Each structure stands twice: as structure tokens, then as C-alpha cells.
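Residue-level structural notes
Now for the letters of each chain:
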Amino acid sequence: MGAIRLEKVKKTFGTLDVIPGVDLDINDGEFVVFVGPSGCGKSTLLRLIAGLEDVTDGKILINGTDVANEAPAKRGLSMVFQSYALYPHMTVYNNIAFGLKMAGESKEVIEEKVQSAAKILNLTDYLERRPSALSGGQRQRVAIGRAIVRNPAAFLFDEPLSNLDAALRVNMRLEITGLHQELKTTMIYVTHDQVEAMTMADKIVVLQAGRVEQVGKPMDLYNSPANKFVAGFIGSPKMNFLGGELAQKHSCHEIGIRPEHVAVSTESGEIPATVKIAEHLGAETYLHVEADGYGPMTVRATGEVPLGEHDKIFLTPEQDRIHRFDAHGLALGNS
Amino acid sequence: MEKKQTPLGYVSFSVFAWIVGLLIFFPIFWMVLTSFKSELEAVSIPPSFISFDWTLENYAEVQERSNYFKFAMNSVILAVGSTLVGLVFAVTCAWAMAFNPTKRTKDALLWMLSTKMMPPVGVLVPIYLMFRDWGLLDTRFGLIMVLFLMNLPIMVWMLYTYFKEIPTDILEAARMDGATLPKEIIFVLLPMAVPGIASTMLLNVILAWNEAFWTLNLTTSDAAPLTAFIASYSSPEGLFWAKLSAASTLAVAPILVIGWFSQKQLVRGLTFGAVK
Ligand SMILES: Nc1ncnc2c1ncn2[C@@H]1O[C@H](COP(=O)(O)OP(=O)(O)OP(=O)(O)O)[C@@H](O)[C@H]1O
Ligand SMILES: [Mg+2]
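All figures in this text were calculated on a predicted structure; none of them were measured in a lab.

1. Description of the domain arrangement of chain A
Residues and elements named next belong to chain A. Partitioning chain A into domains gives domain 1 (4–231) and domain 2 (237–325). One C-alpha centre belongs to domain 1, the other to domain 2, and the line joining them spans 38 Å. A combined buried area of about 690 Å² lies between domain 1 and domain 2, and 52% of that area is made up of carbon and sulfur atoms. On the domain 1 side of the contact with domain 2, Tyr222, Lys228 and Ala231 bury the most area, a combined 77% of that side's loss. At the junction of domain 1 with domain 2, the criterion picks out 1 salt bridge. Note that Glu254 and Lys228 form a salt bridge whose closest N and O atoms lie 3.1 Å from each other. Where domain 1 touches domain 2, the interface holds 4 residue pairs in polar contact (both at pLDDT 80 or more). Of all elements in the fold, only helix H7 (218–223) and helix H8 (228–233) reach the threshold of two or more residues within the side of domain 1 that touches domain 2. Broken down by class, the residue content of the side of domain 1 that touches domain 2 amounts to 4 nonpolar, 2 polar and 1 charged.

2. Observations regarding the site of ligand 1
All names here are of chain A. Close to ligand 1 lie Phe13, Leu16, Val18, Ser38, Gly39, Cys40, Gly41, Lys42, Ser43, Thr44, Glu159 and His192. At 3.2 Å from an oxygen atom of ligand 1 is found a main-chain nitrogen or oxygen belonging to Cys40. Within the side chain of Ser43, one N or O atom sits 2.5 Å away from an oxygen atom of ligand 1. Burial of ligand 1 by the protein amounts to 59% of the accessible area it has alone, namely 640 Å². Residue assignment for the shell around ligand 1 shows that the elements contributing at least two residues are strand E2 (16–26) and helix H1 (42–50). With 3 residues, H1 is the largest single contributor of residues to the shell around ligand 1. Of the residues contributing to the shell around ligand 1, the split by class is 4 nonpolar, 6 polar and 2 charged.

3. Brief notes about the interface of chain A and chain B
With 21 residues of chain A at the contact, the number on the chain B side is 15 residues. In total, chain A and chain B occlude about 1600 Å² of area from one another, counting both sides; carbon and sulfur atoms represent 66% of this. At the junction of chain A with chain B, the criterion picks out 1 salt bridge. One salt bridge in this structure joins Glu172(B) and Arg47(A), with 2.7 Å as the shortest N-O distance. At the boundary of chain A with chain B, the tally comes to 7 residue pairs in polar contact (both at pLDDT 80 or more). Of all the secondary structure elements, the ones that give two or more residues to the side of chain A that touches chain B are H1, strand E6 (77–80) and helix H2 (92–102) of chain A.

What counts and what doesn't
Within each chain, residue numbers correspond to sequence positions counted from 1 in written order. By the order in which they are written, chains take letters starting at A while ligands take numbers starting at 1. With pLDDT at 70 or above as the cut-off, local features in this predicted model cover only qualifying residues; side-chain atom pairs require 80 or more to be listed or tallied, and sums for whole chains, interfaces and linings still use all residues. Side-chain numbers come from the whole structure's heavy atoms, not from hydrogens or water. Boundaries between domains were set according to an automatic or database domain assignment. As used here, buried area is the combined drop in accessible area, with a 1.4 Å probe, of two parts when they are placed together. Every case where a carboxyl oxygen of Asp or Glu lies within 4 Å of a side-chain nitrogen of Lys or Arg is listed as a salt bridge. Think of a polar contact as two N or O atoms within 3.5 Å of one another; within protein, one of them needs to be a possible hydrogen donor and the other a possible acceptor, and neighboring residues in sequence only count if both atoms come from side chains. Secondary structure is summarised from DSSP: a helix means a run of H or I of at least four residues, a strand means a run of E of at least two, and numbering begins at the N terminus for each. Residue polarity is assigned by list, with Asp, Glu, Lys and Arg as charged and Ala, Val, Leu, Ile, Met, Phe, Trp, Tyr, Cys and Pro as nonpolar; anything else, Gly included, falls into the polar class. Consider each residue's heavy atoms; a residue with any of them within 4 Å of a molecule or strand counts as near. Using a 1.4 Å probe, accessible areas were evaluated by the Shrake-Rupley method; residue-level cover was limited to the displayed protein chains. In this analysis, two residues are considered to be in contact whenever any of their non-hydrogen atoms come within 4.5 Å of each other.

So, in C-alpha cells, the structure goes:
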């Protein structure tokens, strides 16, 4: 059981206002991802929930009790650190068992829990090793094992995969998602990788400068971003923002259109453009173009398209995929 | 630009290092040598190096005249005692400074170190009076307190440098795992800092062992360590070089042996953070 609720949580470091005031509801069993650019306060917010930083003001409710002034251990949460933060002087077994020992569990209980965690995480053969004799992925699994055995109300992950190489990252991503499906425990996951956010989350919290920009299901954020920031942050490559005539036509300050929602033609279309760079990935092709009157744009074409530098093309945004924004960057309803 | 070590440079550097090493070592060597001479040969000019009658009579006489082991035992108790007491305070202090620093942490550290620059004699009178009034004169307890306080800045400083190298994440992980502060320090911080703590303790034992000012001024017999033992040979009957040397050799021998065997550890400890 782990429902977490933040009420007007504030954090300042000296005069630096890192989290000006966050309200957030996390339901039991939910996989929540915090995303945002570097320095936006994701880690700080997570550490506030963990109890590793003291809140300046506000309430943190876990299952209805305010724990804002409790020690980390009292909150019943587990954390997986970006650096793994394994105890270098202990074997894998003792690393995983440490929390249980601190909780005063009996030897038999510890043995049983460690073994079962090791089994889930494929660590059974490594229990007697020191962390220094493990690969990055194995270390990460030990860190997760250490978190699981305590049977926490929620797991907190701070960019757990950023030290792994790309292939291993995809693997671990699936493993963590699998783990969540198996354990059904609340997880809060911090990342600045929006692919991780989109693929893993039940609910994404987009942060900027310590403020919550939008909260929602991945596809809701993708389909109806609340503002320009979220629109630009979710989705890769980034959404194109166009002003001028096209915006006027849709009676707004600016329109946004995702690269995958623009039709490309060599004959006719709404916006004439010149290809600058074509990135051929096989399954898809990214065209970085200079649109006449609108400046640089990125569009995605499916499959292999025989286009290269200097080629003249025409772009046509899909009408029902156009996002409209006002002068403050807030999204307007569909036209 | 890359600096190449030329053979000539290497040789001259080695020669230089050896000269410095020998210069530093010579007095100790001479002391040991003198301790095996007769009193007459000890003061003969020109001095004799090897070709004298080797004798153990100085050692016999020193042992006969005063109880070496009583002094040695005091030295051990004072050195080890002050180190252990110091460790308790220094570890907690260094923990606070390394993991919960404030804007003033660096200043506090420098200030602590600066107290070492004050000549001890400046506080001799107040401390002596305190010792007298509290009945601490010539007690091991009193001396342990003085020695521990005297070396505390250095211990804190060394441990701080070591603790700085330990990632805060690991301690936070322990906190998340439910470790209370004492458990976090004992089960996680200290085991990771073993090399640093070992060299800190070692240096502190050596400093306390060699400390003469306070031990001479605050003890007479009961708590007197080896420094007092040596001192007792320097004045009363004029200068007996050979006996004084024998006493000194006996006094420095244990610490010299410890230092010899642990020199790697010591060098690492003292240069930690500087080299890395
Ligand atoms: N202990 C601290 N003292 C002062 N400022 C801090 C402290 N910790 C974080 N900050 C500041 O708070 C802001 C948010 O930091 P935080 O680590 O939460 O960012 P983040 O979103 O996790 O970034 P990243 O993606 O780079 O990890 C930053 O501007 C940072 O400089
Ligand atoms: Mg971070």
C-alpha cells in the first residue's frame, strides 16, 4: 500500500527557490515518472519524498499520514540511486540484507527474503561477490534487490539507468516495468529521458523550474499538451512551432505540429520547403528542412524516401493534429 | 607538455633523496651507536664509528636505575588512550563537517588547525592550575585529556579529508535502509574509511608518544611516560651521553618499529587527497 500525496510542498536552498510549491496525487500501485530538463528539481522533489531533504514547507502524506518531519527510515520507502550507492565493503548478500538487519529481522527471514529477491533479479550466482566485481547492470540489480526486500510502500528511482549503455538500458527498462507489474507497488521514477517516461509511466509529471507543468497519462500528454513547454518536451523529435499566416489561419498565436504529423510531397502542399539534412534510419527518415516563411522544421517520413540536400518538397500538416497556443504558450482548444 | 624523466635526472634525484634521507636518519643512527659505547668513548674526539668496544652496560644500568617498563606502559596507555578518545570525537566531528557542511565549515577547519600554531607554553599556566585544582596532576586521565585535545585538530582534519572522498549517496542509502545515525557511522562509514582511520590513529599514536612538553610539565612519577624517562637522564648527574642514548633508544624503539612496518600506510594517509 502506498498512496502518496504532496500538499504545497516547498523547498528552498538558502535564497534559491528550487520547488516553489507542488501539489501532487500519486495513487497506490501507480508508476509515476517525473520528467523535466536538467536542474528543474526532479531529484530534489524525489529526495523530499524520501526524506533525504527536509521540506521548507508543506505536507507529504503517505497513506494519509503526514511524514514531512519523519526520518527516511520511518517512511517505509526504498530508493534506487543513480550511482547505485552499494556498500562497497559488503558482499551482494549483505548489501541486500542490510535493510532487513537494520529492521531487526531474524536470520531465517533475512535468508529467505534475500534468496527470493536474488532469484527474481538473477543474482543468485553473485551473492558472495563484492559490488566491485559486478558489471553495471548487475550492480543496478543489486540496488533494486536492496529496495525490494524491504517491501516498501513505494519505490523511488533517481535516473537509475543513466549509467548504463543503450542496449542494457532498454533491457533494464523492461525489467523494471516487469517488476512493477509483478509487485504492483507504487513507483516514482525520475528521468530526463522522455522515451523512458513514455514507455514506463502510468502517469507522467512534467516539471520545469520546480513547477508541475502537466500531469497525465503518456498519450494524453502527447495528444493534448497543456502548454508549449510540455508540447516541446514530450515527443521526439520535438514538435514544430509555426507562427505567421498559418497561425492566423487557425486564429491563434502559434501552432504546433509534430514531425510525424506532417505529410511530405514532392508535388504539392501547404508549405513549400527545402531539405537541409536527411537522416535515413531505414524504418523512417527524418528531414530537417527550411520552410519558406517559417524557418527550420523537422518532419518524419515513414520508410525510405529518396530525398537529399537541396531537394524542394511540400509539407502539409494533418489538420486534426494541429495544436494551438496563445501568446503565453498555453494550449487553446482544437479549432 | 609532457615531462620526461631523463636517466641523469633520475640519478641525481635519487642521490639527492638519499642525502636528505641520510641527513634525517643520522641523529637516530648516532644515538643508537652511542648507546653501545662506554661513556668515555661517547665523548671522544674524533668520534669513533665502528671501532670501539661494543657494550651493553648502558642498557643494564638504565634498566637497573629506573623501571623502563613502568614508563613504557604509561607511554602506551597515554598514546593509545588519547587516540581512542580522540577518535570518538574526531569521527563524529569529521562526519558532520564532511557530510553536512555549511558555509563556515572550511573556516572552522582552518581555525581548528590554527590552534596548533599557538605555542603550548602560552596556556601552560591556566592548564597547570586547572590540573592542580582538579587533582589531575600526574594522573593518566588528565594527560590523556590534554594529549587528545592537543591532537584533535589534526585527527579531525585527516578524517575530514578521508570522509570527503566517500560518496554521500552510500550514507543516504543506509539511511533509507533504516540505519540510525550511530549504525550508519559504525556499519557503513567506518568500514569504508578503514585505511584513513588506520593512518589517522597511527599518526596520532606517534604524536602522542613523542609529546614531551605536556608530559614533562604535568607528571612527576605515577603517570610519567618515556619522555620523562629520557629527561631523567639528561640533567641530574651532568651529561652522560651513552646512558642518555641508551634510554632514548629504548624510548623510541617501539614507535620506530611500528612506524617502520606501517610506513606505507602512513605515507598514504598523509598524502591522501593531495595526490590521489
Ligand atoms: N544541496 C543543494 N544546495 C543548493 N542548491 C541545490 C542543492 N541541491 C540541488 N540544488 C539546486 O536545485 C536545483 C534542482 O536540482 P535537482 O538536482 O533537483 O535537479 P534535477 O532536476 O534532478 O536535474 P538533473 O536532471 O540534472 O539531475 C538545481 O538548480 C540545483 O543547483
Ligand atoms: Mg537529478
